[in-house]
Amino acid sequence: METLFAEIKEIIRKYAFDKKLVDDAKESSRIIADLKINSARVVDIVLDIEEKYDIEIDDKSINKIITIQDAMNVISQKQG
Amino acid sequence: MTLCGNDIMTLHTENFRTFSRPGASRLILSDTEKKESKNTAIELIWRWTCKEAAFKILMKAGHQEAFSPSQFSVVAKIPPIFEEEKTITGSIFWENKRFFFQSDISQDYIYTLAFNCPKEKATKYSSIIYNETSINLDILYSLTGRNYLAIQKTSRNIPYLSAISGEILNYDVSISNDEEFTAITIIPGL
């Protein structure tokens with residue numbers, strides 16, 4: 001799980017204005033509210049996750065992704 | 001009680017890159033919109049501003065989940081032709097709720113302001129769009145006629161207006177930033 005956490009942080013970091021916020025992020029960090037990611041960049045983050053893990057995230061699942069941990073959960077579930 | 005939500009998105013490279021990506025429309029459009037959309041980046045950006053504006057109203061009404069754009073459907077009064085339109089009006093639907101919007105298109109951005117009632121029935125409001133990322137006392141004075149105010153946010157990221165003394169004021173507030181632009185709408189006296 002530590003690897004997955006680091007990989008998601010790396011994806012999010014690409015879209016962060018304040019990279020340090022992402023470097024210091026925890027699993028519980030909220031992607032928009034805590035890491036100050038522009039909400040439109042969540043589209044990029046979801047598409048990057050889909051490409052990296054070769055999964056498709058259902059459009060209706062996006063509202064479950066609030067924190068980094070939520071993103072990790074969605075990936076784990078999709079990978080079965 | 002009138003509630004507002006606004007959203008501004010610049011028409012610069014980064015947003016066009018995001019909204020041109022394969023898969024973006026799948027994440028953003030509702031099933032109905034998928035049938036009628038031309039899937040251009042500018043259309044997706046416009047629909048996104050409408051949906052995010054409506055989502056901000058939902059949040060103020062206690063909605064707890066994260067933004068899920070495909071759950072919202074945007075219906076313009078007249079289907080927009082983006083090369084020509086400067087203003088688009090219409091409705092945004094989410095479950096059994098309806099919101100009313102006006103989008104303004106400039107060379108630099110698309111700005112949408114939505115209300116939970118028709119605009120003509122909305123409480124008188126003040127809005128400003130300006131070319132800076134900071135919010136200063138002069139801007140809040142121009143919107144409210146009051147000095148020494150600040151905008152703060154709740155733990156759920158909902159903005160509110162307070163006096164420097166800490167007193168929370170009875171205004172509905174919406175803020176949006178994208179790149180160098182900031183948009184603020186304030187409705188007094190909830």
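For the structure given in this document, a descriptive report is provided here. (Residues numbered from 1 in each chain as written. Chains lettered and ligands numbered in written order. Predicted model: local features only at pLDDT ≥ 70, side-chain atom pairs only at ≥ 80, totals over all residues. Heavy atoms only, no water.)

**Quick notes on a nonpolar patch on the surface**
Residues and elements named next belong to chain B. On the surface, a nonpolar cluster with roughly 340 Å² of combined accessible area is contributed by Leu 137, Tyr 148 and Ile 164. Tracing the chain through its elements places Leu 137 in helix α5 (residues 137-144). On the basis of relative accessible area, Leu 137 is assigned to the partly exposed category, the value being 38%. (Patch = residues over 30% accessible without salt bridge, like charges linked within 9 Å, V, L, I, M, F, W, Y side chains within 5 Å. Areas by Shrake-Rupley, 256 points an atom, 1.4 Å probe, with all protein chains shown as cover. Salt bridge = Lys/Arg side-chain N within 4 Å of Asp/Glu carboxyl O. Helix = DSSP H or I, 4+ residues; strand = E, 2+ residues; numbered from the N terminus. Buried < 20%, exposed > 50% of the residue type's maximum accessible area, 1.4 Å probe, protein only.)

**Overview of the nonpolar core**
Ile 8, Ile 12, Ile 49 and Ile 68 of chain A together with Phe 19, Trp 46 and Ile 92 of chain B are the most contacted members of the largest nonpolar core, which totals 64 residues. Apart from residues lying up to four places away in sequence, Ile 49 of chain A is in contact with Ile 11, Asp 54, Ile 55, Ile 57, Ala 71 and Ile 75 of chain A. (Core = buried A, V, L, I, M, F, W, Y, C linked by side-chain atoms within 4.5 Å. Contact = heavy atoms within 4.5 Å.)

**Quick word on the state of the cysteines**
Tallying each qualifying case throughout the model produces 0 disulfides over all chains. Of the cysteine sulfurs around Cys 4 of chain B, a residue in no disulfide, the closest is that of Cys 117 of chain B, at 10 Å. (Disulfide = S-S within 2.5 Å.)

**Regarding the packing of helix α1 (residues 2-13) of chain A against helix α3 (residues 41-53) of chain A**
All names here are of chain A. At a minimum axis distance of 10 Å, the contact between α1 and α3 shows a crossing angle of 135°. The angle between α1 and α3 places the two elements in the oblique class. Regarding α1 and α3, the two cross each other, and that crossing is right-handed. When α1 is examined against α3, the residues Leu 4, Glu 7, Ile 8, Ile 11 and Ile 12 are found in contact with a partner set consisting of Ile 45, Asp 48, Ile 49, Lys 52 and Tyr 53. (Axes fitted to C-alpha atoms, helices over the stretch in contact; angles between N-to-C directions. Parallel < 35°, antiparallel > 145°, perpendicular 65-115°, else oblique. Left-handed = near helix turned anticlockwise from the far one by under 90°.)

**Structural notes on unusual backbone geometry**
Leaving glycine out, the prevailing phi sign among residues is negative, and the prevailing peptide bond configuration is trans. Unlike most non-glycine residues, Asp 54 of chain A shows phi in positive territory, near 55°. Positioned with a positive phi, Tyr 148 of chain B is a non-glycine residue whose angle comes to about 60°. Counting through the fold element by element, Tyr 148 of chain B comes out in the loop between α5 and β7 (149-153).

**Section: the environment of Ile 151 of chain B**
Residues and elements named next belong to chain B. Positionally, Ile 151 belongs in strand β7. Ile 151 sits 132 residues away from Phe 19 along the chain, and the two C-alpha atoms are 30 Å apart. Contacts of Ile 151, omitting those with residues within four sequence positions, involve Ile 135, Leu 140, Pro 159, Tyr 160, Leu 161, Val 173, Ile 175 and Ile 184.

**Quick word on the layout of surface pockets**
Space inside the largest pocket adds up to approximately 1300 Å³. Looking at the largest pocket, it is lined by 43 residues, and the ones nearest its centre are Ile 32, Ile 37 and Ser 39 of chain A together with Glu 52 and Asn 157 of chain B. Broken down by secondary-structure element, the contributors of at least two residues to the lining of the largest pocket are α3 of chain A together with β1 (4-10), α4 (41-60) and β9 (171-178) of chain B. Residues belonging to the lining of the largest pocket are distributed by class as follows: 23 nonpolar, 9 polar and 11 charged. (1 Å grid on protein atoms, 1.4 Å probe; cavity = no way out; pocket = protein on both sides within 12 Å on 5 of 7 lines; lining within 4 Å. Points joined across faces, edges and corners; volume = space filled by probe spheres on them. Nonpolar A, V, L, I, M, F, W, Y, C, P; charged D, E, K, R; others polar.)

**Section: α1 of chain A**
Count 3.6 residues to each turn of an α-helix, and residues three or four apart come out pointing the same way. Residue and element names in this part refer to chain A. An ideal rise of 1.5 Å per residue puts 16 Å on 12 residues; α1 measures up with 16 Å between its terminal C-alpha atoms. The set of residues buried in α1 consists of Leu 4, Phe 5, Ile 8, Lys 9, Ile 11 and Ile 12. Along the axis of α1, the buried positions cluster into a sector of 160°, meaning they face one direction only. Exposed positions of α1 whose direction lies more than 90 degrees from the buried face are Glu 2, Thr 3 and Glu 10. (Expected span 1.5 Å × (residues − 1). Arc of directions from axis to C-beta.)

**Here's the deal with the sheet that holds strand β10 (residues 181-188) of chain B**
All names here are of chain B. If you trace the 3 strands from one edge of the open sheet to the other, you get β6-β10-β9, paired in antiparallel fashion. Edge positions in the sheet fall to β6 (126-130) and β9, since each has one partner strand and no second. For this sheet the average axis-to-axis angle between neighbouring strands, irrespective of direction, equals 10°. As judged from the 8 bridges shared by β9 and β10, these two strands associate in the antiparallel manner. When the bridges of β10 are listed, Asp 172 appears paired with Ile 187. (Pairing = 2+ DSSP bridges.)

**Examining the interface of chain A and chain B**
In this complex, chain A contributes 23 residues to the contact, which on the side of chain B involves 28 residues. The contact between chain A and chain B buries some 1900 Å² in all, and 47% of this surface belongs to carbon and sulfur atoms. Applying the counting criterion to the chain A and chain B interface returns 8 salt bridges. Its salt-bridge partner being Glu 14 of chain B, residue Arg 41 of chain A comes within 3.8 Å of it at the nearest N-O pair. The tally of links between chain A and chain B comes to 15 residue pairs in polar contact (both at pLDDT 80 or more). Among the residues forming the side of chain A that touches chain B, the class breakdown is 11 nonpolar, 3 polar and 9 charged. (Buried area = accessible area lost by both parts, 1.4 Å probe. Polar contact = N/O pair within 3.5 Å; in protein donor to acceptor, adjacent residues only side chain to side chain.)

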